[in-house]
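Coordinate analysis (summary)
Each chain is listed here by its residues.
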Amino acid sequence: MVTSKLRLLDQRAKQLAQVYAAHRPLVQRGLTVSFVLYVLTAAYRGLAARPTTRRDKEKDSADRKDGKPARVAVDAIFYQRLGIILRIVIPNIHSKEALLLFMHSSLLIFRTAISLYVATLDGKIVASLVRGQSLQFLLNIIRWLLVAIPATWTNSWLSYIQNKLALAYRTRLTKEVLKMYLGDQADGSEGKVYYKLSNLDDRIKNADQMITHDIQRFSTHLAVIYANLAKPILDVILYNYQLSRNVGAEGLVLLTVLVQTSAALLRALTPSFGTYTAQSAALAGSLRHTHSRLSEFAEEIAFFGGEETEKRLIEREYAALVQHEQGVMNKRWWYGCAEEGIVKWLWGSFGLVVCAIPVFFKLPGISNFDLGSRTEGFVTNRRLLLSSSDAIGRVMYSYKDLAELAGYTSRVSLLLDTMSDMRKGKFEKSLVSGATEGENGEILRSRGQVLLSDDIQFKNVPVVTPNGDILLRSLTFHVKPGEHLLIVGPNGSGKSSLFRILGGLWPVYGGIVRKPPASDFMLIPQRPYLSLGTLRDQVIYPHSQQDMGARGVTDADLLAVLERVQMGSIVEREGGWDIAHEWRDALSGGDKQKIAWARLFYHRPKYAILDEATSLVPPDMEGTMMEQATALGITLLTVSHRPSLWKYHSTILQLDGQGGYIFTQLDAEKRLAIQEEKQDLEAKLLEIPKIKLRLAELRLIADANRSI
């Protein structure tokens, strides 16, 4: 009974085997098509946005409260950010970047075709050795040398095109960022983003690093990630297709199951490299910012003897960076062990088993009877399997690269989003206590009007600092062209803040501001800015020599301008107009202010903002420059405590530092007389203690004489 059942099962198994053998070509095609679809689906799922879990949201919320950077992952937010940036770096299919991408793709396909041919040729070379066919061996060697020509050409071109692509991405992105960062005069209140980033917003502390280093790293990773994704996926499909023809689709299915099972384990062990990359960039930027502050305030630190404090701050930033990098290195070490063990050794053993199938089992359509044929098949299949294993490994590695790309994408996206907010007037700044409460909060939430006018008029305008400190709740004054305004008051009363509103640097939180466009203003601070460039560039800044020529101004005209400020000899002294120096070091403080005044006379704006602009020049030179500015039709808005300047101004705005002010006509003679009388009385009051002391001494002497 049992024997009959076994015979029946054996007959049915043979029938099934015959049916399977008869329909094996169709089954093979079905399995191959299914494998291709599976590879594409698995690649899409592996690279698709991963949903954010409730635990991740809670962790991100806790990190934001603690001031830690938000978690960066390959999720929907990453792909949304990447899509926005891709539209910048590849604007259309006719762009240079799209052409480079097409060339890169074509070369990748060509290299895969060469690899398939080399795998087959490798098997033929070994087979000819085993069979002892010397002529065939030499012919195969010649084929090997010939195929090396396009192979080396293709590899070199791939590297070249990839670097060109990274450079093109960086150039396109840098141009877009600089367009937003620097803008132009036509931007009006939407411009000056470079100023607003560092003064009105707290989100970005090191824009210079993000524009230079982070964009460069992002562009390089973006160019590399395409080759690390497209090429391995294509290789997996083509290599395994060829492998299925050699060892059967059944072995391919078995290999896929084993590989995907171990790959799932590797994915579970993969740390969040994207978050680590973003944190590394942020910490490196913070360290660089600390060093830059040391250079910027070197004089103040030297006077205070703050070397130990600054050293402690730098060491703290460096220690935080080293601690983070050490933690990342430890995680990379463990991940590297697991990755190599699974990808190289475990998958290698799976491959050897699959390659041995044609040797130990006779497959329909494959006639490997002699030793040479079996050797050729094994070597070819082994080469294909190694290439396929390498491609699968690169797909696995690419997720780590994708995570790092997510880190740099978050940094670049933060820069773009923040600059976009700056242009829209949206700022995120730490505010002083009580700034958002009551009447203060209403002022900060409101916005005023800025209208173009030839006059300068403030009507009920609050003066508010970026951190929410309200210096003046309602300022009203009116200055017409030709009416020079003198602004006085203690430090922190709002003098410089007023100029920043006039220049369009600070937002208007209420009231109405009527003023000319920012191009009609020029600022001369106490320490003027001198750019990198020639002596000519210092006088005509921000114009170029071409702009100067377009205005019909010659070097002789510039020399006449310098003569007005008694600086005509500097051209010969420094070696001519085209000599270049670090001018902030080459000139004294007084000469810097004179150069700034020469710049004013060259541009001839409608209004000049003078912030202690004559503090380092002699009084007679001070008066001469004031008179020449008036003669050129320049209306002066002056911050100064020097009484010698009063006679050049017709109105005065006096701030008391407590939120109050007085705006009135300035009678310079009367005010000077009052000032002199005040100084005389103060001097006399200072003499009273001495007079009292002398009087007491005389009384003692008189009493002593009476007693005698």
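Description of the structure in this document. The structure presented is a predicted model; accordingly, all values stated were derived computationally and were not measured.

What counts and how
- Residues numbered from 1 in each chain as written.
- Predicted model: local features only at pLDDT ≥ 70, side-chain atom pairs only at ≥ 80, totals over all residues.
- Heavy atoms only, no water.
- Helix = DSSP H or I, 4+ residues; strand = E, 2+ residues; numbered from the N terminus.
- Buried < 20%, exposed > 50% of the residue type's maximum accessible area, 1.4 Å probe, protein only.
- Contact = heavy atoms within 4.5 Å.
- Areas by Shrake-Rupley, 256 points an atom, 1.4 Å probe, with all protein chains shown as cover.
- Core = buried A, V, L, I, M, F, W, Y, C linked by side-chain atoms within 4.5 Å.
- Patch = residues over 30% accessible without salt bridge, like charges linked within 9 Å, V, L, I, M, F, W, Y side chains within 5 Å.
- Salt bridge = Lys/Arg side-chain N within 4 Å of Asp/Glu carboxyl O.
- Phe/Tyr/Trp six-rings, centres within 6.5 Å; stacked < 30°, edge-to-face > 60°.
- Lys NZ or Arg CZ within 6 Å of the ring centre and 35° of its normal.
- Pairing = 2+ DSSP bridges.
- Axes fitted to C-alpha atoms, helices over the stretch in contact; angles between N-to-C directions.
- Parallel < 35°, antiparallel > 145°, perpendicular 65-115°, else oblique.
- Left-handed = near helix turned anticlockwise from the far one by under 90°.

1. Description of the overall build of the protein
Within the protein, the regular secondary structure consists of 24 helices and 12 strands. Here the protein holds 708 residues, and 42% of them are scored as buried. Residue pairs in contact within the protein that sit at least 24 positions apart in sequence constitute 78% of those at least 6 positions apart. Summed over all atoms, the accessible surface of the protein reaches about 39,200 Å², with 58% contributed by carbon and sulfur.

2. Some words on the nonpolar core
Core analysis: the biggest nonpolar cluster contains 51 residues, and Leu173, Leu197, Phe218, Leu222, Leu416 and Met419 have the highest contact counts within it. For this core, the secondary-structure elements that each account for two or more residues are helix 4 (76-89), helix 5 (96-131), helix 6 (134-182), helix 7 (193-199), helix 8 (207-247), helix 10 (273-296), helix 12 (307-355) and helix 14 (371-424). Per-element tally for this core: the top contributor is helix 14, with 11 residues. If near-sequence neighbours (up to four positions away) are discounted, leucine 416 is found in contact with Ile85, Ile88, Val177 and Met180. Grouped together as the second largest cluster of nonpolar side chains are 37 residues, Met522, Leu562, Ile595 and Met626 included.

3. Some words on a nonpolar patch on the surface
A cluster of nonpolar residues, Leu99, Phe102, Met103, Phe110, Trp153, Trp157 and Tyr160, forms a patch on the protein surface that exposes about 730 Å² of accessible area. Residue contributions to the nonpolar patch peak at 4 residues, all from helix 5. Summarising the element assignment, tyrosine 160 is placed in helix 6. Residue classification places tyrosine 160 among the partly exposed residues on the basis of a relative accessible area of 43%.

4. Observations concerning the packing of aromatic side chains
Tallying each qualifying case throughout the model produces 10 aromatic pairs. Here tyrosine 181 and tyrosine 194 contribute two aromatic rings whose centre-to-centre distance is 6.3 Å and whose plane-to-plane angle is 65 degrees, an arrangement assigned as edge-to-face. Taken together, the positions of tyrosine 181 in helix 6 and tyrosine 194 in helix 7 put the pair 13 residues apart, joining distant regions of the chain. Aromatic rings pair up to connect Trp153, Trp157 and Tyr160 into one cluster. Positioned above the aromatic ring of tyrosine 602, the side-chain terminus of arginine 551 is 4.6 Å from the ring centre.

5. Quick look at the sheet that holds strand 6 (residues 521-524)
Across a sheet, paired strands are connected by hydrogen bonds in the backbone, their directions being either parallel or antiparallel. Spatial ordering of the open sheet is given by 6-9-10-4-11-12, a layout of 6 strands whose pairing is mixed. Only two strands of the sheet have a single neighbouring strand rather than two, namely strand 6 and strand 12 (661-665). Neighbour to neighbour, the strand axes of the sheet diverge by 15 degrees on average, direction disregarded. As defined by bridge partners, strand 11 (residues 651-655) adjoins strand 12 across 5 bridges and the pair is classed as antiparallel. For isoleucine 652, the partnering residue across the bridge sits in strand 12 and is threonine 664. Lying on the sheet, helix 22 (residues 589-603) is in contact with strand 6 and strand 9 (607-611); it crosses strand 6 at an angle near 170 degrees.

6. Quick notes on the sheet that holds strand 3 (residues 470-479)
Read across the open sheet, the 4 strands follow the order 1-5-2-3; overall the sheet is mixed. Of all strands in the sheet, those with a lone pairing partner are strand 1 (449-452) and strand 3, marking the two edges. With direction set aside, neighbouring strand axes in the sheet form an average angle of 25 degrees. Running at roughly 120 degrees to strand 2 (residues 456-464), helix 16 (residues 495-502) makes contact with strand 2, strand 3 and strand 5 (512-515) of the sheet.

7. Here we look at the pairing of strand 10 (residues 635-639)
For strand 10, a buried count of 5 out of 5 residues is recorded, marking the element as mostly surrounded by other parts of the structure. The side-chain alternation of strand 10 yields two buried faces, one formed by Thr635, Leu637 and Val639 and the other by Leu636 and Thr638. Across 5 bridges, strand 9 lies against strand 10 in parallel orientation. Among the inter-strand pairings, isoleucine 609 is bridged to a residue of strand 10, identified as leucine 637.

8. Some words on the pattern of salt bridges
Inspection of the entire model under this criterion finds 16 salt bridges. For glutamate 97, the salt bridge identified is with arginine 172, shortest N-O distance 2.8 Å. Of this pair, glutamate 97 sits in helix 5 while arginine 172 sits in helix 6, placing them 75 residues apart in sequence. Assessed through its relative accessible area of 3%, glutamate 97 is described here as buried. The residue lysine 205 makes a salt bridge to aspartate 202 at a minimum N-O spacing of 3.7 Å. Take aspartate 202: its relative accessible area is 23%, and that puts it in the partly exposed class. Via salt bridges that share partners, Asp201, Arg203, Asp421 and Glu428 belong to a single interconnected network.

9. Quick word on the packing of helix 5 against helix 6
In contact at an axis separation of 8 Å, helix 5 and helix 6 are set at 160 degrees when each is read in the N-to-C sense. When the axis of helix 5 is compared with that of helix 6, the two are roughly antiparallel. In the crossing of helix 5 with helix 6, the sense of the turn from one axis to the other is left-handed.

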